[in-house]
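# Descriptive analysis of the structure
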2 protein chains.
Amino acid sequence: MIERNYKPNRCGKVFLAGAGPGDPELLTVRAMRVLASADFVLHDALVSAEILAMASPHAVLEDVGKRCGERAMRQEQIHARMIELARAGFSVVRLQGGDPMIFGRTGEEIAALVHANVAWEIVPGITASSAAAAAAGISLTNRRDAGQLTFLAGHRASDAAAVEIPAVPAGGATVAIYMPSGSYAEIAQNFLKRGWRRETPCVIVSEASTPHQRVVKSTIGSLGECERLPAPAILIVGETARLSFAVSPQNEIKTEVREIITSAP
Amino acid sequence: MIERNYKPNRCGKVFLAGAGPGDPELLTVRAMRVLASADFVLHDALVSAEILAMASPHAVLEDVGKRCGERAMRQEQIHARMIELARAGFSVVRLQGGDPMIFGRTGEEIAALVHANVAWEIVPGITASSAAAAAAGISLTNRRDAGQLTFLAGHRASDAAAVEIPAVPAGGATVAIYMPSGSYAEIAQNFLKRGWRRETPCVIVSEASTPHQRVVKSTIGSLGECERLPAPAILIVGETARLSFAVSPQNEIKTEVREIITSAP
């Protein structure tokens, strides 16, 4: 079923686009343009009204996201809908939070579109951990003690213990956990089991880049005492978090920064 | 020495901004805005003329980048220049390719600005591996066999053998190597030593998101037979690269895709 009452005289196309971390200014220029000329926007539940307002006033907005763990639409239904609309000649934006290639369903969506011989294009987005690092005022790598960077999805695993924390390489590493599940104490235990030091600094950033942004600074050893911050949250662990200065006098988003570091063991 | 002949009547600020992977449309809206109102832009050598043209016509552009391994300015000189300009009341954009928090010098720059009590803000950018994955038509993670994602910098290490390839976790992983150094054969050996299978697919993407973009599909076992692609290049290794379809009929950038997979051992 196509709800629009005209048949566009062009080939349809699906844009698999990233909505970024929350701030509408963190969309790419390209994402802004494809939204502005979209006929249909199939978006996740997390995409804000402010970002959806950037879509063409003529665009039909369809929420295909997950709520309370249940999807409004199954993934196969999303595929069928994208294909149906593109075949009818519409410009379709499939809009996911962050970067569609990091912890999204983009791989499956590309496979479905290729199988259906529908034109598509990926429009990258700013991933949540970049916005979290910007909020905390830290880099994600550095030459001295963070030579690599690993992204993990906390919410994928049924229990926190199943999240596979990497061992610390000789050149050091930063680990960013998206949507950390389980208790912070359990997560800290997982890091310790993999050989990370208790004094390793970390930051938890909640709702990065939005007016509700909050940053808590801690260490692996003190992480268990931090209160749980509202989702979406990112936990960044590693030496780069040591110099966290989310206190620049003129940052436009006022950020509450708390520091929770108990006495070293 | 300040080359501008007026004294702005406001507080200076430094924007540590990402220029993205190359395509000017992959800047964020925020990066575009801070560039458009900058008094000074201190940019890396890799930032294209097309992107620099987005700066205010009144902005002074200063190339502080590295050429032939030698920096036009030492890092400490870049710090001093940013601080001097911000203290004089100017709006300064420190523009690095990609995301300034991933394999940039942003941690050191923040520390210098905080020490000097100068206002600053991080403006995230699209990192090169996202543009590379978009070019190759792949996701960087997936639920089935790529539960985590690691970024490594190939050019940091003096020899390729020193690049610390992570072991494959039970949930699978994707590894993206920025600026792979050494021969592709050596890199392949490093993956094999860490337990990766010879049949694991990979893609090399050169000059992602630019008109010169090239994609080569291969496997770890065949990587050594691939010709070296021009920098900047990204090597993405992992099961997500299996479904690489950089062949969408209407992608606007025409991409040469070659497939180099020799018979399995």
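Residues numbered from 1 in each chain as written. Chains lettered and ligands numbered in written order. Predicted model: local features only at pLDDT ≥ 70, side-chain atom pairs only at ≥ 80, totals over all residues. Heavy atoms only, no water.

### So, the overall build of chain A
Tallying secondary structure elements over chain A gives six helices and 13 strands in all. A total of 265 residues make up chain A; the buried ones form 61% of that total. Carbon and sulfur atoms make up 54% of the accessible area of chain A, which totals about 10600 Å². (Helix = DSSP H or I, 4+ residues; strand = E, 2+ residues; numbered from the N terminus. Buried < 20%, exposed > 50% of the residue type's maximum accessible area, 1.4 Å probe, protein only. Areas by Shrake-Rupley, 256 points an atom, 1.4 Å probe, with all protein chains shown as cover.)

### Quick notes on the interface of chain A and chain B
Taken together, the contacts link 60 residues of chain A with 60 residues of chain B. Here chain A meets chain B over a buried area of about 5100 Å², counting both sides, of which 56% is carbon and sulfur. Taken as a group, A:Glu25, A:Met101 and A:Arg143 account for 13% of the area that chain A buries against chain B, more than any other trio of residues on that side. For the interface between chain A and chain B, the tally reads six salt bridges. Between A:Glu25 and B:Arg30 there is a salt bridge, with the nearest N and O atoms lying 3.3 Å from each other. (Contact = heavy atoms within 4.5 Å. Buried area = accessible area lost by both parts, 1.4 Å probe. Salt bridge = Lys/Arg side-chain N within 4 Å of Asp/Glu carboxyl O.)

### Some remarks on the nonpolar core
Membership of the largest hydrophobic core comes to 88 residues, with the highest contact counts inside it found for A:Val14, A:Phe151, A:Ile236, B:Val14, B:Phe151 and B:Ile236. Sequence-distant contacts of A:Ile236, defined by excluding residues within four places in its chain, comprise A:Ser129, A:Ala132, A:Ala133, A:Ile138, A:Leu140, A:Thr174, A:Val175, A:Ala176, A:Pro201, A:Cys202, A:Val203 and A:Ala241. (Core = buried A, V, L, I, M, F, W, Y, C linked by side-chain atoms within 4.5 Å.)

### Overview of the sheet that holds strand E7 (residues 120-123) of chain B
Residues and elements named next belong to chain B. Ordered in space as E3-E2-E6-E1-E7, the five strands form an open sheet in which the pairing is parallel. Sheet topology places strand E3 (60-63) and E7 at the edges, where each strand pairs with a single neighbour. For this sheet the average axis-to-axis angle between neighbouring strands, irrespective of direction, equals 20°. In this structure, strand E2 (residues 40-43) lies alongside strand E6 (residues 91-96), joined through four bridges in parallel fashion. (Pairing = 2+ DSSP bridges. Axes fitted to C-alpha atoms, helices over the stretch in contact; angles between N-to-C directions.)

### Some remarks on the pattern of salt bridges
Counted according to the given criterion, the structure contains 32 salt bridges over all chains. Salt-bridge contacts for B:Glu121 lead to B:Lys13; the nearest nitrogen and oxygen are separated by 2.8 Å. Of the two residues, B:Glu121 sits in strand E7 while B:Lys13 sits in strand E1 (residues 13-18), which places them 108 residues apart along the sequence. Each member of the pair B:Glu121 and B:Lys13 is classed as buried. For the salt bridge of B:Glu199 with B:Arg197, the shortest nitrogen-to-oxygen distance reads 2.8 Å. Among the residues examined, B:Glu199 registers a relative accessible area of 34% and is labelled partly exposed. Sharing partners across several salt bridges, the network here consists of A:Lys13, A:Arg30, A:Arg33, A:Glu121 and B:Glu25.

### Structural notes on the state of the cysteines
According to the stated counting rule, one finds zero disulfides over all chains in the structure shown. Here B:Cys226 stays unpaired: no disulfide links it, and the sulfur of B:Cys202, its closest cysteine neighbor, is 6.4 Å away. (Disulfide = S-S within 2.5 Å.)

### Looking at the environment of A:Ile110
In this structure, A:Ile110 sits in helix H4 (residues 106-115). Along the primary structure A:Ile110 and A:Leu35 are separated by 75 residues, whereas in three dimensions their C-alpha atoms are 19 Å apart.

### Regarding the side chain of B:Ser130
For B:Ser130, the position within the fold is in helix H5 (residues 128-136). Beyond its immediate sequence surroundings of up to four residues, B:Ser130 is in contact with A:Asp99, A:Met101, A:Pro124 and B:Leu140.

### Examining the pairing of E6(B)
All names here are of chain B. Of all the six residues making up E6, six are buried; the element is thus mostly covered by neighbouring parts of the structure. The two faces of E6 match: Ser91, Val93 and Leu95 on one face and Val92, Arg94 and Gln96 on the other face are all buried. Bridge analysis of E1 against E6 gives six bridges, and the strand direction is parallel. Bridging across to E6, Gly18 finds its partner in Gln96.

### Focus: the packing of helix H3 (residues 75-87) of chain B against helix H4 (residues 106-115) of chain B
All names here are of chain B. Following both chains from N to C, one finds H3 and H4 inclined at 45°, their axes separated by 10 Å at the closest point. Classified by the interaxial angle, the pair formed by H3 and H4 is oblique. Between H3 and H4 lies a crossing whose hand is right-handed. Across the interface between the two elements, Gln75, Ile78, His79, Met82 and Ile83 of H3 pack against Glu108, Glu109, Ala112 and Leu113 of H4. Of the residues contributing to the contact of H3 with H4, the split by class is five nonpolar, two polar and two charged. (Parallel < 35°, antiparallel > 145°, perpendicular 65-115°, else oblique. Left-handed = near helix turned anticlockwise from the far one by under 90°. Nonpolar A, V, L, I, M, F, W, Y, C, P; charged D, E, K, R; others polar.)

### Here's the deal with the packing of aromatic side chains
Taken as a whole and judged by the stated rule, the model has nine aromatic pairs over all chains. Ring plane angle 70° and centroid distance 5.5 Å describe the contact between B:Phe151 and B:Tyr178, whose orientation is recorded as edge-to-face. Highlighted residues: B:Phe151 in strand E8 (residues 148-153) and B:Tyr178 in strand E9 (residues 173-178), separated in sequence by 27 residues. The residues B:Phe151 and B:Tyr178 share a single accessibility class, namely buried. Taken together, A:Phe103, A:Phe151, A:Tyr178, B:Phe103, B:Phe151 and B:Tyr178 form an aromatic cluster joined through their ring pairs. (Phe/Tyr/Trp six-rings, centres within 6.5 Å; stacked < 30°, edge-to-face > 60°.)

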